[in-house]
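Listed below, chain by chain, are the residues.
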Amino acid sequence: MKKNKVTFLKEKNIEKKAEKNYEKLLKSGYAQNPIAAKLLAFQKTKKDINPKDLLR
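The structure reproduced in this document is the subject of the present report. (Residues numbered from 1 in each chain as written. Predicted model: local features only at pLDDT ≥ 70, side-chain atom pairs only at ≥ 80, totals over all residues. Heavy atoms only, no water.)

**Structural notes on the overall build of the protein**
Then comes step 1: Along its length, the protein carries three helices and zero strands.
Then comes step 2: Put simply, the protein runs from its N terminus to its C terminus through helices and strands in the order α-α-α.
Then comes step 3: By the burial criterion, 16% of the 56 residues in the protein qualify as buried.
Then comes step 4: A separation threshold of at least 6 residues defines the contact pool for the protein, and within that pool the share at least 24 residues apart is 52%.
Then comes step 5: Of the roughly 5,300 Å² that the protein leaves accessible, carbon and sulfur atoms contribute 57%. (Helix = DSSP H or I, 4+ residues; strand = E, 2+ residues; numbered from the N terminus. Buried < 20%, exposed > 50% of the residue type's maximum accessible area, 1.4 Å probe, protein only. Contact = heavy atoms within 4.5 Å. Areas by Shrake-Rupley, 256 points an atom, 1.4 Å probe, with all protein chains shown as cover.)

This is how it looks when you write it as structure tokens:
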């Protein structure tokens, strides 16, 4: 049963994508509030994640 579980995630790659999306939102001035910008970056990153991105 243990061999069927997903145990490794590429968290760093996903974190880098989220940071890039956050920086783009701040530079464009789309979201003036930094908290709103982080939420929008999270939503965009969540849409862009493929199952292949999560597995090593």
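From this point on, the discussion continues.
**Digging into a negative patch on the surface**
Then comes step 1: A grouping of Glu11, Glu15, Glu19 and Glu23 is seen on the molecular surface, where their side chains present a negatively charged patch.
Then comes step 2: As for its position among the elements, Glu19 is in helix H1 (residues 11-28). (Patch = residues over 30% accessible without salt bridge, like charges linked within 9 Å, V, L, I, M, F, W, Y side chains within 5 Å. Salt bridge = Lys/Arg side-chain N within 4 Å of Asp/Glu carboxyl O. Lys, Arg positive; Asp, Glu negative; His and termini not counted. Charge placed at Lys NZ, Arg CZ, Asp CG, Glu CD.)

**A closer look at the side chain of Thr45**
Then comes step 1: Relative to the helices and strands, Thr45 is located in helix H2 (residues 34-48).
Then comes step 2: Among the residues examined, Thr45 registers a relative accessible area of 3% and is labelled buried.
Then comes step 3: Ignoring sequence-local partners within four residues, the contact set of Thr45 consists of Ile14, Lys17, Ala18 and Asn21.

**Describing the nonpolar core**
Then comes step 1: By size, the foremost hydrophobic cluster in this structure holds five residues: Tyr22, Leu25, Ala31, Ala37 and Ala41.
Then comes step 2: Secondary structure elements with two or more residues in this core: H1 and H2.
Then comes step 3: If we ignore the near neighbours within four places in the chain, the residues touching Tyr22 are Pro34, Ala37, Lys38 and Ala41. (Core = buried A, V, L, I, M, F, W, Y, C linked by side-chain atoms within 4.5 Å.)

**Let's talk about the side chain of Asn21**
Then comes step 1: Residue position: Asn21 is located in helix H1.
Then comes step 2: The class for Asn21 is buried, based on a relative accessible area of 9%.
Then comes step 3: What Asn21 contacts, discounting residues up to four positions off in sequence, is Ala41, Lys44 and Thr45.

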